[in-house]
Amino acid sequence: MALEYLLSRQECPEPTFSLRAKAAVPQAFRSTLPFEVLDNIFRFLSKPELLPALSANRIFNDVATRVLYHTIEKLEPVLSIVVLRKLDREPRLQPLVRKLEIDWASSTTIEPTRNLYSLLHRVLTKLKGLTALSVDLPRPGSQIWILNGCSFTLRYLSTSMPCDARLAKYLDSQPSLTDLTLRGYHNGIDTMPLLLSLFPGAEATDNSFTLSPTSLPKLTSLRTVHGGPSIIASVVKGRPIQAASIALFPSTSLESLRSLSLSSAPLRRLSIMSFDSTVQDYLVTELATRFPHLEALHESLRELGPSFAPFKSLQIVLHHRTKKKPSLKSGTIGAQHSKLSYYLEVKYGSRKDQKDSWNGAL
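Note that the structure is predicted; figures quoted are calculated from it, not measured.

### Some points on the overall build of the protein
- When you go through the protein residue by residue, the secondary structure sums to 13 helices and 12 strands.
- Here the protein holds 362 residues, and the buried ones make up 46% of them.
- Sequence separation of 24 or more characterises 58% of the internal contacts of the protein that already satisfy a separation of 6 or more.
- When the accessible surface of the protein is totalled, it reaches about 18,400 Å², and 54% of it is carbon and sulfur.

Printed below as a string of structure tokens:
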């Protein structure tokens, strides 16, 4: 009520379409602010804070619903199914969704069936305004078919689907993509045996992940969890990648770094997770040689290695030690003696607020 009273005190002209939309609402419950302003204000509210607005009046309900369904993320698997069913049966909600996150990979409460995948596919074909999609599915088999018939144009995609020819073909159809995360397995040169031993149940896929040279012309950010040199090269070569996150595996570390250097733009930000115990002996030298414009580096090696003086642009290093608590340090790098800080930050996310807000909305 306090928020509604504050808004009702404002006086500013509103477009004719807002007047027509408010025609059915009693004068006492109308806000003098146009929908666009209400929309911007409501975006500052958390999802739990949107609940009272849903039941305040018709105008607030319309605006709060639009904000609530704009971004659907961080939902427990069971609740995500409830939301998908609601989207499937209510066409008025479908144009509102811009970002959708589905995480069924680590669920202990559900085991996705063909019917559940069909529901997801049906909803995706109806979300024509979607621009960001994250799909994390259980590993066995590829469910790339859930993207068949989808007409949305993505700018962000994160998926755990296997890196094979089918996924490459889909990526070729997304020219506006700027941010790509590949978490799926791939039968790379020497990485797959290690992955199979680390992650039981992992399956090998055909080694045919090859993108068209003209696809993904706007891609600037790549994250790959299990991809070897061939995956990195296929995505990076000739594209303006400026931020990347990769894993280094024994016997292919140098080749992965070489593949990453095929970008058509200078690499500015890099995150590295290493499974190669020997990489710390030469990593700094290789990075300084291949990526002289690097500004931020996040690495998880046991030791930081030699001096960072070879870098001329490096400003931030996030050093992640897994066994010892790191101390904050500073060092001098570059010709201008800029300060370099080593810092570790761990965030623990909770989905409780998201769950409560969606339960209230549904």
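Having seen the structure, we can now continue with the description.
### Re the pattern of salt bridges
- Evaluated as defined, the whole model comprises 12 salt bridges.
- Note that K99 and E73 form a salt bridge whose closest N and O atoms lie 3.1 Å from each other. With a gap of 26 residues between them, K99 in strand 2 (residues 99–103) and E73 in the loop between strand 1 (71–72) and helix 6 (77–89) connect regions that are remote in the sequence.
- One salt bridge in this structure joins R92 and E90, with 3.4 Å as the shortest N-O distance.
- Using a relative accessible area of 53% as the deciding quantity, one classes R92 as exposed.

### A few points about the confidence of the model for the protein
- Of all residues in the protein, 69% attain a pLDDT of 70 or more, and the chain-wide mean is 77.
- Low confidence marks residues 1–25, where pLDDT is under 50. Its contacts with residues over four positions away, or in another chain, come to 46 contacts.
- Ignoring residues within four places in sequence, the model shows residues 188–206, a span with pLDDT below 50, making 44 contacts including any to other chains.

### A closer look at the nonpolar core
- W104, L124, L133, I146, L180 and F209 are the most contacted members of the largest nonpolar core, which totals 84 residues.
- A per-element tally of this core places helix 5 (residues 58–70) first, with seven residues.

### Remarks on the packing of helix 3 (residues 35–42) against helix 5
- Packing of helix 3 against helix 5 brings their axes to within 9 Å, and their N-to-C directions diverge by 55°. Comparing their axes, helix 5 and helix 3 come out oblique. In the packing of helix 3 onto helix 5, the handedness of the crossing is right-handed. For the pair helix 3 and helix 5, contact is made by F35, L38, D39 and F42 and by I59, F60, V63, A64, R66 and V67, respectively.
- Residues of the contact of helix 3 with helix 5, tallied by class, amount to eight nonpolar, no polar and two charged.

### So, helix 4 (residues 47–54)
- Within helix 4 the residues assigned to the buried category are K47, L50, A53 and L54. Mapping the buried residues of helix 4 onto a view down its axis gives an arc of 95°, with all of them on the same face.

### Topic: the pairing of strand 8 (residues 269–274)
- The pairing of strand 7 (residues 243–248) with strand 8 spans six bridges and is classified as parallel. Across the sheet, residue S245 finds its bridge partner in strand 8, namely S271.
- Between strand 7 and its parallel partner strand 8, the chain crosses via helix 11 (residues 253–260), and the hand of that crossover is right-handed.
- The handedness of the strand 8 to strand 9 (residues 296–299) crossover, carried by helix 12 (residues 283–290), is right-handed.

Calculation notes
- Residues numbered from 1 in each chain as written.
- Predicted model: local features only at pLDDT ≥ 70, side-chain atom pairs only at ≥ 80, totals over all residues.
- Heavy atoms only, no water.
- Helix = DSSP H or I, 4+ residues; strand = E, 2+ residues; numbered from the N terminus.
- Buried < 20%, exposed > 50% of the residue type's maximum accessible area, 1.4 Å probe, protein only.
- Contact = heavy atoms within 4.5 Å.
- Areas by Shrake-Rupley, 256 points an atom, 1.4 Å probe, with all protein chains shown as cover.
- Salt bridge = Lys/Arg side-chain N within 4 Å of Asp/Glu carboxyl O.
- pLDDT = per-residue confidence, 0-100.
- Core = buried A, V, L, I, M, F, W, Y, C linked by side-chain atoms within 4.5 Å.
- Axes fitted to C-alpha atoms, helices over the stretch in contact; angles between N-to-C directions.
- Parallel < 35°, antiparallel > 145°, perpendicular 65-115°, else oblique.
- Left-handed = near helix turned anticlockwise from the far one by under 90°.
- Nonpolar A, V, L, I, M, F, W, Y, C, P; charged D, E, K, R; others polar.
- Arc of directions from axis to C-beta.
- Pairing = 2+ DSSP bridges.
- Right-handed = clockwise from strand over helix to strand, strands pointing away.

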